[in-house]
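# Coordinate inspection notes
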Amino acid sequence: YTWPDRAYDVIEEFLWKDRNTFLEVPEPCSEDTIGQQSTSAAWLRTAYHDAATANVAAGTGGLDGSIFYETARAENVGDSIASSVSQFVSFYGRYISYADVVAAGAVVAVQNCGGPNIPFRSGRITAPEAGPSGVPLPTDSLRSQTAAFARQGFTAKEMIGLVACGHTMGGVDNEDFPDINPNVGVASFDHTVYFDNNIATTYFNGTTIDPLISGPATSNSDARIFASDGNVTMRSFAHSQDTFFSTCASLLERMINTVPKEVRLSEPIVAIPFKPRDYLLSLLPDGTINLGVTVDIFGPNVISSTRVVTMHWNDRDSHRCASKACSALPVSQEANAPLAKRNGNELQAYTFSVNATTAASFSSFWFTVDEDGTGRNVVTENNGGGNYPVDDLLLLVPQYTCQGYLNGNLNITGRITVAIRSSVTPSAVTLESASFGVNGQPIPQIFDGPAAIGTSPALSPSPDYVYYTGLVPGPIQANGCSTQMEYSATIDGVVHPGQILYSGCTSRASTRLPESTCEYCGFPCTS
Ligand code: HEM
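Quick look at the structure, then. (Residues numbered from 1 in each chain as written. Predicted model: local features only at pLDDT ≥ 70, side-chain atom pairs only at ≥ 80, totals over all residues. Heavy atoms only, no water.)

### Comments concerning the layout of surface pockets
To find leftover empty space, a probe the size of one water molecule is rolled over the atoms. There is about 890 Å³ of room inside the largest pocket. Residue lining of the largest pocket: 45 residues in total, with R45, H49, H167, G171 and F189 positioned closest to the centre. Going through the elements one at a time, α2 (39–51), α3 (79–88), α5 (142–151), α6 (156–166), β1 (171–173), α9 (221–226) and α11 (241–256) are the ones with two or more residues in the lining of the largest pocket. Ranked by residue count, the leading element in the lining of the largest pocket is α2, at eight residues. (1 Å grid on protein atoms, 1.4 Å probe; cavity = no way out; pocket = protein on both sides within 12 Å on 5 of 7 lines; lining within 4 Å. Points joined across faces, edges and corners; volume = space filled by probe spheres on them. Helix = DSSP H or I, 4+ residues; strand = E, 2+ residues; numbered from the N terminus.)

Structure below.
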């Protein structure tokens, strides 16, 4: 991995580092209660119901987000699927599809409840419409259930594993299956809210409470499935939590990676233990350049009160400036508690904000990490040797960049103003927007509206930079809008990407920009 890698970074931060607060939606499993709904369980069931209609022989269906259109079906009865499907809508974007969010939901749910780490690959394509039905029902015969799993690519033995791996969490809701669970609330599959082999141990020691074992005979599908190989698979789970974990990790990974044949999934997205995020190079009103960046240190037991992280940089001519003049300590730091629940990983973030004149500017930065603050144990983090690169040909101008309606014009989502080094002449300067939550569309479409930015030289506070500014096209909508804006410049045939700017009308977090109107931005809103 070499920074930056836009597509990788977005998903890595989403999946591991709580970007957009996806990880905070399910409460920690320790706060789940037997007899009540669990978001983690709901997410796992939802991923299964999306994947279960796969036809591997034809190479169709599988985990393709089609569940979004299928919540009204009897086979998808219940709040757990309906509410998961609407929760997931807040989290997809240009670099992570809705189908990827459904798959990520299963990975996060299992980890949140202490289960194994399931490798996550991205690249799923969201189906444009509902797919065929075919999720097995508890009243189906063993034969028909076995056939349904075979269509999905799983053997009869693997079916036993997959069902046990799913039914270690959550339970049967009285509202959905009153015949199976006649009592108010949720009848749990086992005695713990966690992802563990309690479903198997209680199956053998006579204390099972699984309503698909001890309910009415016609719907006792877990009983039929678990016993279908003479209990060999269930016995191996009851004997060993390790066997249960490794089997579930591999079966659930295959389940979420069963995708239509034209889909190519990425390599697994692994957590990068030391990585910059929220990098932004901007031109300030006083004509100086600001480099803002946060580094995340991620892994088990990384939260430390003694560690000293220092940022260093080279100027635009790649010279290091006079002793210590080009290094800085963080302006703030934060230990991120919600992450601690994910397999013991923690995250500590250090935010830097440094200024330079346009003449000096920046060409790269790197860090030194003094682990215990004594100076005896200092590690250099320099992106594998090449430093973290800075491209100062294209800067953002936050003062004249904003998001919001333009006099109620829903076709405009904001304004982006960038500054381009006067020594170069760009052939194109464009901006794009991606909005979410558009009314009247089942899965909100992403609107990419490349638009040219025109020059606005009068504004620039520095002769070294020329301003370009433009309005961001694309519908934003009234109930829960959310927009991403991106900008880039093409200079001598080379595209210089800017950053992604998130607005925060929904759970999408991380905004460096004030939520504001264009008037606030200093622009007449009718332009
Ligand atoms: C023959 C196959 C299966 C049948 C008949 C079946 C049946 C059911 C039923 C009747 C419920 C109760 C749903 C409700 O109350 O609304 C349920 C819940 C659940 N199922 Fe399955 N299931 C099967 C396979 C699976 C698989 C393969 C997984 C995952 C890998 C899975 C994961 C779950 C989870 C996590 C819940 C709990 C949901 C919650 O509490 O909100 N199931 N299942």
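Continuing now.
### Focus on the packing of aromatic side chains
The full count for this structure, using the stated rule, is 27 aromatic pairs. Consider the rings of W3 and Y388, whose centres lie 5.7 Å apart with planes at 75°: the pair is edge-to-face. With W3 in the segment before α1 (6–16) and Y388 in strand β11 (residues 388–389), this pair connects stretches of sequence that are 385 residues apart. In terms of burial, W3 and Y388 fall into one category: buried. Considering the side-chain rings of F22 and W43, the 4.8 Å spacing of their centres and the 20° angle between planes classify their relative orientation as stacked. Residue F22 is found in the loop between α1 and α2, and its partner W43 is found in helix α2; the two are separated by 21 residues along the sequence. For the residue pair F22 and W43, the accessibility class agrees, reading buried in each case. The structure contains a cluster of three or more aromatic residues connected by ring pairs, namely W3, F274, Y279, F352, F365, F367 and Y388. (Phe/Tyr/Trp six-rings, centres within 6.5 Å; stacked < 30°, edge-to-face > 60°. Buried < 20%, exposed > 50% of the residue type's maximum accessible area, 1.4 Å probe, protein only.)

### With respect to the state of the cysteines
Here, the word disulfide means a covalent bond between the sulfur atoms of two cysteines. If you walk through the whole model with that rule in mind, you get two disulfides. The disulfide bridge from C29 ends at C113, spanning 2.0 Å between sulfur atoms. Torsion about the S-S bond of the C29 and C113 cystine: about 85°, corresponding to right-handed handedness. A residue pair is termed long-range when its members are at least 10 positions apart, and C29 in the loop between α1 and α2 and C113 in the loop between α4 (98–112) and α5 qualify at 84 residues. Of the residues examined, C29 reaches a relative accessible area of 2% and is grouped as buried. For C113, a relative accessible area of 1% translates into the label buried. (Disulfide = S-S within 2.5 Å.)

### Regarding α2
For α2, with 13 residues, the first-to-last C-alpha span of 18 Å sits near the 18 Å given by 1.5 Å per residue. Of all 13 residues making up α2, 11 are buried, and the element is well covered by its neighbours. Along its buried surface, α2 packs onto α3, α4, α5, α6 and α11. A distance of 3.3 Å separates the backbone nitrogen of S40 from a side-chain oxygen at the start of α2, and that oxygen is part of S38. (Expected span 1.5 Å × (residues − 1). Contact = heavy atoms within 4.5 Å. Polar contact = N/O pair within 3.5 Å; in protein donor to acceptor, adjacent residues only side chain to side chain.)

### A closer look at the packing of α5 against α6
At a minimum axis separation of 9 Å, α5 and α6 run at an interaxial angle of 90°. The angle between α5 and α6 places the two elements in the roughly perpendicular class. Here α5 contributes L142, Q145, T146 and F149 to the contact with α6, which in turn contributes A156, M159, L162 and V163. Split into classes, the residues belonging to the contact of α5 with α6 amount to six nonpolar, two polar and no charged. (Axes fitted to C-alpha atoms, helices over the stretch in contact; angles between N-to-C directions. Parallel < 35°, antiparallel > 145°, perpendicular 65-115°, else oblique. Nonpolar A, V, L, I, M, F, W, Y, C, P; charged D, E, K, R; others polar.)

### Section: the coordination of the iron atom of the ligand
Donation to the iron atom of the ligand from the protein comes from one atom only, H167 (NE2), at 2.1 Å. If you trace the backbone, H167 turns up in the loop between α6 and β1. (Donors = N, O, S within 2.8 Å, 3.2 Å for Na, K, Ca; no water.)

### Some remarks on α4
Relative to the 21 Å expected for 15 residues at 1.5 Å per residue, α4 spans 20 Å between its end C-alpha atoms, a close match to the ideal helical length. Burial analysis of α4 places 15 of its 15 residues in the buried class, which makes it a mostly covered element. In the segment just after α4, G114 is the residue with positive phi, at about 85°.

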